[in-house]
Amino acid sequence: MSDVELVLRSTRVITPEGTRPASVAVAAGKITAVLPHDAEVPAGARLEDLGDDVLLPGLVDTHVHVNDPGRTHWEGFWTATRAAAAGGITTLVDMPLNSLPPTTTVGNLRTKRDVAADKAHIDVGFWGGALPDNVKDLRPLHDAGVFGFKAFLSPSGVDEFPELDQERLARSMAEIAGFGGLLIVHAEDPHHLAAAPQQGGPKYTDFLASRPRDAEDTAIANLLAQAKRLNARVHVLHLSSSDALPLIAGAKAEGVPVTVETCPHYLTLTAEEVPDGASEFKCCPPIREAANQDLLWQALADGTIDCVVTDHSPSTADLKTDDFATAWGGISGLQLSLPAIWTEARRRGHNLEDVVRWMSARTARLVGLGQKGAIEAGRDADFAVLAPDETFTVDPAALQHRNRVTAYAGKTLSGVVRSTWLRGERIMADGEFTEPKGRLLSREP
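Below: a short report on this structure. (Residues numbered from 1 in each chain as written. Predicted model: local features only at pLDDT ≥ 70, side-chain atom pairs only at ≥ 80, totals over all residues. Heavy atoms only, no water.)

### Focus: the overall build of the protein
How we decide: Numbering goes from the N terminus for both helices and strands, where a helix is a DSSP run of H or I of at least four residues and a strand is a run of E of at least two. For this measure, only C-alpha atoms enter the radius of gyration; the expected value for a globule follows 2.2 Å times N^0.38, where N is the number of residues. Pairs of residues are marked as contacts when any of their non-hydrogen atoms sit within 4.5 Å. Note that accessible areas follow from Shrake-Rupley with a 1.4 Å probe, and for residues the cover is restricted to the protein chains shown. Neither His nor the chain termini are counted; the positive set is Lys and Arg, and the negative set is Asp and Glu. Positions of charges follow a simple convention, taking NZ of Lys, CZ of Arg, CG of Asp or CD of Glu.
A count of helical and extended segments in the protein gives 12 helices and 18 strands. Here the protein has a C-alpha radius of gyration of 21 Å; the compact-globule value for 445 residues is 22 Å, and the two agree. Taking the principal axes of its C-alpha atoms as reference, the protein extends roughly 70 × 45 × 45 Å. Long-range pairs, those at least 24 residues apart, make up 75% of the contacts in the protein with a sequence separation of at least 6. In the form shown here, the protein has an accessible surface area of approximately 15800 Å², with 49% of it arising from carbon and sulfur atoms. Looking at charge distribution, the protein has the averaged site of its 43 positive side-chain charges lying 3 Å from that of its 60 negative ones.

### Describing the sheet that holds strand β11 (residues 183-186)
Applicable threshold: At least two bridges found by DSSP between two strands are what make those strands a pair.
Read across the sheet, 6 strands follow the order β9-β10-β11-β12-β13-β14 without closing on themselves; strand pairing throughout is parallel. The open sheet has two edge strands with one neighbour each: β9 (128-129) and β14 (307-308). Of the strand pairs in this sheet, β11 and strand β12 (residues 234-236) are connected by 3 bridges, and their pairing is parallel. Its bridge partner lying in β12, L183 is registered against V234.

### Structural notes on the environment of G415
You can see G415 is positioned in strand β16 (residues 412-422). When the C-alpha atoms of G415 and L386 are compared, they prove to be 6.2 Å apart, with 29 residues separating the residues in sequence. Once residues lying within four places of it in the same chain are set aside, the contact partners of G415 are P339, W342, L386, A387, P388, E390 and F392.

### Details of the pattern of salt bridges
Opposite charge on two side chains makes pairing possible when the charged atoms of those side chains draw close. Inclusion rule: By definition, a salt bridge exists where a carboxyl oxygen of Asp or Glu is found within 4 Å of a side-chain nitrogen of Lys or Arg. Whether a residue is buried, partly exposed or exposed follows from its accessible area with a 1.4 Å probe, protein chains only, as a fraction of its type maximum: under 20%, in between, or over 50%, in that order.
All chains considered together, the criterion is met by 31 salt bridges. For D294, the salt bridge is made with R348, and the minimal N-O distance between the two is 2.9 Å. Of this pair, D294 sits in helix α10 (residues 290-302) while R348 sits in the loop between α11 (337-347) and α12 (352-366); the two residues are 54 residues apart in sequence, bridging distant segments of the chain. Residue class for D294 comes out partly exposed when judged on its relative accessible area of 38%. Residues K372 and D380 are paired through a salt bridge, measuring 2.9 Å at the closest nitrogen-oxygen approach.

### Notes on the nonpolar core
Which entries qualify depends on this criterion: What is meant by a nonpolar core is a set of buried Ala, Val, Leu, Ile, Met, Phe, Trp, Tyr and Cys residues, joined one to another through side-chain atoms within 4.5 Å.
If you look at the biggest cluster of nonpolar residues, it comprises 97 residues, and the most contacted ones within it are F149, L183, L239 and V355. Sorting elements by how many residues they give to this core places helix α1 (residues 77-86) first, with 6 residues. Sequence-distant contacts of V355, defined by excluding residues within four places in its chain, comprise L338, I341, W342, A345 and S360.

### Examining the sheet that holds strand β7 (residues 89-94)
Using the following cut-off: In this analysis, axes come from line fits to C-alpha atoms, helices being fitted only over the stretch in contact, and the angle between any two N-to-C directions falls in the range 0 to 180 degrees.
Pairing is parallel across the open sheet formed by 3 strands, whose spatial order is β6-β7-β8. Edge strands, defined here as strands with exactly one partner in the open sheet, are β6 (59-64) and β8 (123-126). Strand-to-strand, the axes of this sheet are offset by a mean angle of 20°, without reference to chain direction. Here 4 bridges tie β6 to β7, and the two strands are oriented parallel to one another.

### Describing the side chain of H235
Where we set the bar: Pairs of N or O atoms within 3.5 Å make up the polar contacts considered here, provided that, within protein, one atom can donate a hydrogen while the other can accept it, and that residues adjacent in sequence are counted only when both atoms are side-chain atoms.
Along the chain, H235 falls in strand β12. A polar side-chain atom of H235 sits 2.7 Å from a polar atom in the side chain of T259. H235 has contacts with L182, L183, I184, V185, T259, V260, E261, C307 and L366, leaving out every residue within four places of it along the chain.

Following this line, the structure appears as structure tokens:
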């Protein structure tokens, strides 16, 4: 213990074994021991006594659209990672689209890494993209360290990232399975979307009808069938349709290697509360009804849904028009994901250990980041310090996102992030930030 530099002490430390009073010893950016609360502080170490605030592992958000380079007026690594740090997130994995160029070749990955290198306040990893014409690029991207590959089964919303039909999906899936990779999928069926009524205009009910549940359900059924046939590891992105849950549970019971995520907006916002013209609530697939939300929470509790991620997908305010058909679809949620989920989780009888499991431990496991996601010896000393009973009202002006458009404006949430720590260094405290200290991560072999 002579090399310990820092001890974080709290009456409530969330560890894999449960929540308990503890002192967490840190040296060289790693957790070296989780000690009794009253353990003697080693000579030369600095003590940070957090009192009754909760010490939890930094969150790992595996679904973030940073949009940098190319659309940095929408977000960017500097603002996205500051917002993440403000929300207790210490690692994010960036999606391959909405940046220009998209992360679909090794050269494009190199471009993105060069842009991110000196702007990351937290650790950042990268997804690759699976397009109709880049099967040859998948293995090189995997070898270059991407965490997996994103594909769309319906139009993505940007021309430079086209969707895969069923034949090309199978081709990409077989290639990725061949080297043990992970395919993550936006699962909405284009034929069901094309057949749905497309009225446009400001009414949220019309938009909801244009993205029906059966579009998700059919796409997920087809994805699971392909994954079973090829024994391919797949991950369903941003699940919103509760009707797909029996399909997913059945596939898991059969041993299909599938995992599933949902998002804070599906778990905390409902279709019934969306005002007409309020396209800050628009995302695809859409926010659905309260009864659907109840079933998503039940599936999260029983493990059918594995984890919760933001799908942070911002744009400039002018693209959030009052016409749901033409407005940009995406929710900005990085800074608010932890308090939003904690507020609703507690109301439904869950505890912070559940939240850590959904938003840190399982997301770290999804992408194979064995050094993240838990407070235990040998892991990175990444922490969030949370005052779980303190409330605040969401003021868009207080957000770190580049464009401060939020579906949570005016909501009162529980859980104030006091500080965020990355490898034993405090990178955010009470809204003040250090210079960027994040690292660029690659998939662990």
